[in-house]
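Letter by letter, the chains look like this.
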Amino acid sequence: MRKWIPLAAVSLGAFMLLVDVSIVNVALSDMSADLRSSFTAMQWVVDVYTLTLAAMLMVCGSFGDRLGHRRLYISGLLLFAAASLACALAPNGATLIAARAVQGVGGAAIMTSTTALIAAAYQGRDRGTAFGVWGAVNGAASAVGPVLGGLLTDQLGWRSIFLINLPVAAVALAMTLNRRLALPRPHAPEGRIDTGGALLFTAFAGALTYGLIESGARGWGSPTVLVPLVLAALALAAFIVLELRLEHPLLDLTMLRNRSFSALLAAAMLLSAAAFAELTYTSLWLQQALHLSPLYAGLAVAPLAATAFVVATTTNRFRQRVAPQLLLGTGLGLIGLGTLLLEPVSATSGWSALLPGLMVTGVGVGMSTPTMMATALAAVAPRRMGMASGALNTARQLGYAVGIAVLGTIFEQSVHGSVTRRAYAAGLHPVFLTAALTALAASMMVLALVRKPHEVDAAPLPSADEKGAPAVSLKG
């Protein structure tokens with residue numbers, strides 16, 4: 001059992017940061033009332049975390065490849081805990097948003113380290129099992145987040161949803177510092193950290209998300225919307241030019257020549273947008289239209305993640321025998337089907353109308369998530385695992401942030417400021433339809449482009465000489 005201790009140590013940190021993606025959804029109404037913040041400000045409480053997470057993942061992947069993922073993981077835990085305390089003590093919306101951004105930086109360090117450490121610690125069937133557990137942890141975090149957020153908000157107030165991170169971070173840190181844990185040190189490439197690329201990518205992601213969020217309230221013709229979108233396009237173009245010129249880029253664009261890897265990045269982004277972004281507005285409907293408490297609103301959306309958790313934990317042997325493009329394509333197709341089943345929600349519907357669609361979507365998420373990460377890491381050279389992990393997780397989080405912004409614009413324009421049950425239901429129809437079409441498009445793309453690597457679950461790790469350093473313990 002000792003061989004699974006590294007997996008437990010890194011999974012706990014992943015669980016904590018992923019819970020914080022969804023735990024705030026059911027507390028948004030209470031936050032807004034307590035801090036007297038607008039709908040747009042509450043969008044930023046959710047989006048700034050995922051946006052910063054997305055923007056920093058590739059930077060943290062490069063740091064991890066150079067300095068060691070264990071050190072990065074520990075630093076991420078400490079920063080995340082400190083930012084969580086700042087969120088809990090925030091006196092106003094601006095402070096909360098700023099603290100959530102810092103949380104995102106810590107979360108990026110944790111997330112990119114977890115997948116790289118798992119890939120380094122396990123090989124063969126153990127690696128497939130480890131990524132299956134990792135995918136299940138993702139599902140469990142999404143399931144527990146809304147329920148835990150509702151319970152804490154109901155009983156202790158919304159600030160407690162951030163304070164709960166402190167003991168979790170402490171336990172994860174204690175497990176990581178255990179001397180008995182042994183992990184190989186990842187390859188450490190030469191060259192400076194690509195700070196220019198990091199700044200340009202952050203500018204692109206931030207400007208894009210800001211423009212999309214503001215479009216809901218101001219319209220597409222507003223300079224407040226057009227200027228950020230133009231800046232986002234310029235920043236992306238500059239990022240591509242810079243990365244092609246650098247010897248040690250933030251993202252090695254030659255990896256995108258691998259058709260499977262490129263398709264997996266796009267699929268990761270579309271999966272997050274289709275499966276999870278609409279839950280923010282579903283939670284608002286449950287609380288503001290159906291008048292459910294935060295706890296019951298969390299329980300109402302929990303079947304999606306609970307089903308994903310069960311599927312991810314029980315289908316590992318099946319995943320090892322089936323071509324990854326079939327699993328991913330089918331999983332994304334089920335996400336599209338499940339989201340379509342949510343579309344008939346009407347003014348007379350109750351929370352139970354969500355149940356069939358959420359469960360079908362959960363099956364798709366449970367099939368797709370662990371397969372996607374294992375396939376992406378197997379598609380690149382071992383020395384690029386940190387970069388590949390950062391790129392895929394960046395795509396996932398950027399998809400979530402952009403999805404919230406796009407679906408928020410659709411929802412706000414459909415509701416027209418009304419808070420009636422009929423208006424909320426009318427706002428959800430195009431949201432669910434857009435999410436469903438997104439997932440179905442991703443499914444067709446994966447089936448057409450992704451191909452099985454020579455060894456999906458057992459991509460060989462470099463030798464000690466290739467890595468430039470022998471295996472070291474987690475303490476080293």
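Residues numbered from 1 in each chain as written. Predicted model: local features only at pLDDT ≥ 70, side-chain atom pairs only at ≥ 80, totals over all residues. Heavy atoms only, no water.

**Comments concerning the overall build of the chain**
Along its length, the chain carries 19 helices and 2 strands. Expressed as a percentage of the 476 residues in the chain, the buried residues total 58%. For the chain, the exposed surface amounts to about 17,800 Å²; the carbon and sulfur share of it is 66%. (Helix = DSSP H or I, 4+ residues; strand = E, 2+ residues; numbered from the N terminus. Buried < 20%, exposed > 50% of the residue type's maximum accessible area, 1.4 Å probe, protein only. Areas by Shrake-Rupley, 256 points an atom, 1.4 Å probe, with all protein chains shown as cover.)

**Some points on the side chain of Thr375**
Inspection of the secondary structure puts Thr375 in helix α16 (residues 355-378). What makes Thr375 buried here is its relative accessible area of 1%. Looking at Thr375, its side chain comes within polar contact range of the main-chain oxygen of Thr371, at 2.6 Å. (Polar contact = N/O pair within 3.5 Å; in protein donor to acceptor, adjacent residues only side chain to side chain.)

**Considerations on a nonpolar patch on the surface**
A grouping of Val227, Val230, Leu231 and Leu234 is seen on the molecular surface, where their side chains present a nonpolar patch of about 370 Å² in accessible area. On the secondary structure map, Leu231 appears in helix α10 (residues 223-245). Residue Leu231 is classed as partly exposed on the basis of its relative accessible area of 48%. (Patch = residues over 30% accessible without salt bridge, like charges linked within 9 Å, V, L, I, M, F, W, Y side chains within 5 Å. Salt bridge = Lys/Arg side-chain N within 4 Å of Asp/Glu carboxyl O.)

**Notes on the environment of Phe432**
Examined against the element boundaries, Phe432 turns out to sit in helix α18 (residues 421-449). Residues Phe432 and Pro344 lie 88 residues apart in sequence; the distance between their C-alpha atoms is 9.2 Å. Sequence-distant contacts of Phe432, that is, excluding residues within four places in its chain, are made with Glu278, Thr282, Thr339, Leu342, Glu343 and Val345. (Contact = heavy atoms within 4.5 Å.)

**Considering the packing of aromatic side chains**
With the rule as written, the count across this model stands at 7 aromatic pairs. Considering the side-chain rings of Phe201 and Phe204, the 5.8 Å spacing of their centres and the 55° angle between planes classify their relative orientation as tilted. Here Phe204 and Phe201 lie together in helix α9 (residues 195-218), a separation of 3 residues that amounts to about one turn. For the pair formed by Phe201 and Phe204, the shared burial category is buried. Cluster of aromatic residues (ring-pair linked, three or more members): Phe201, Phe204 and Phe239. (Phe/Tyr/Trp six-rings, centres within 6.5 Å; stacked < 30°, edge-to-face > 60°.)

**Topic: helix α5 (residues 93-121)**
Between its first and last C-alpha, α5 extends 41 Å over 29 residues, near the 42 Å set by a 1.5 Å rise per residue. Of all 29 residues that make up α5, 22 are buried, and the element is covered over most of its length. One side-chain oxygen of the residue at the start of α5 lies 3.3 Å from the amide nitrogen of Ala94, identifying that residue as Asn92. (Expected span 1.5 Å × (residues − 1).)

**Some points on the pattern of salt bridges**
Applying the stated criterion across every chain yields a total of 2 salt bridges. In this structure, the salt-bridge partner of Asp20 is Arg100, at a minimum N-O distance of 3.6 Å. Taken together, the residues span a long stretch of sequence, with Asp20 in helix α1 (residues 5-22) and Arg100 in helix α5 at a distance of 80 residues. Note on accessibility: Asp20 and Arg100 belong to one class, buried. A salt bridge links Asp34 to Arg159, with the nearest nitrogen and oxygen atoms 3.6 Å apart. Here the residue Asp34 occupies a position in helix α2 (residues 28-35), and Arg159 occupies one in the loop between α6 (124-156) and α7 (160-163), the gap between them amounting to 125 residues. On the accessibility criterion, Asp34 (43% relative accessible area) is partly exposed. Owing to a relative accessible area of 26%, Arg159 belongs among the partly exposed residues under this scheme.

**Here we look at unusual backbone geometry**
In the Ramachandran plot, His291 falls in the positive-phi region, its phi being about 60° despite a non-glycine side chain. Residue position: His291 is located in the loop between α12 (279-289) and α13 (294-314).

**Points about the confidence of the model for the chain**
Per-residue confidence for the chain gives a mean pLDDT of 82; residues scoring 70 or more make up 90%. Put simply, strand β2 (residues 472-473) is where the chain has its lowest mean pLDDT, 32, and α7 is where it has its highest, 94. In the model, residues 455-476 has pLDDT below 50 throughout and makes 56 contacts with residues more than four positions away in sequence or in other chains. (pLDDT = per-residue confidence, 0-100.)

**What about the nonpolar core?**
Counting residues in hydrophobic clusters, the biggest one holds 134 residues, and the most contacted among them are Met31, Leu96, Phe162 and Trp285. In contact with Leu96, other than residues within four places in its own chain, are Met31, Leu35, Val45, Cys87, Ala90, Trp158 and Phe162. (Core = buried A, V, L, I, M, F, W, Y, C linked by side-chain atoms within 4.5 Å.)

**A word on the packing of α12 against α13**
Contact geometry for α12 and α13: axes closest at 9 Å, N-to-C directions at 140°. Comparing the axis directions of α12 and α13 gives the class oblique. Every pair of crossing elements has a handedness; the one defined by α12 and α13 is right-handed. Seen from α12, the contacting residues are Leu279, Thr282, Leu286 and Gln287; seen from α13, they are Pro294, Ala297, Ala300, Val301 and Leu304. Counted by class, the contact of α12 with α13 contains 7 nonpolar, 2 polar and no charged residues. (Axes fitted to C-alpha atoms, helices over the stretch in contact; angles between N-to-C directions. Parallel < 35°, antiparallel > 145°, perpendicular 65-115°, else oblique. Left-handed = near helix turned anticlockwise from the far one by under 90°. Nonpolar A, V, L, I, M, F, W, Y, C, P; charged D, E, K, R; others polar.)

**Describing the packing of helix α4 (residues 69-88) against α5**
Relative placement of two packed helices is described by the angle separating their axes and the distance separating the axes. It is at 8 Å that the axes of α4 and α5 come closest, and there the two elements cross at 155°. Compared by their axis directions, α4 and α5 come out roughly antiparallel. The interaxial crossing formed by α4 with α5 has left-handed handedness. Per-class residue counts for the contact of α4 with α5 are 16 nonpolar, 9 polar and 2 charged.

**Side note on the environment of Ala426**
Of note, Ala426 is situated in helix α18. Looking at Ala426, the relative accessible area reads 35%, which means it is partly exposed. Sequence-wise, Ala426 and Pro344 are 82 residues apart; in three dimensions their C-alpha atoms are separated by 9.9 Å.

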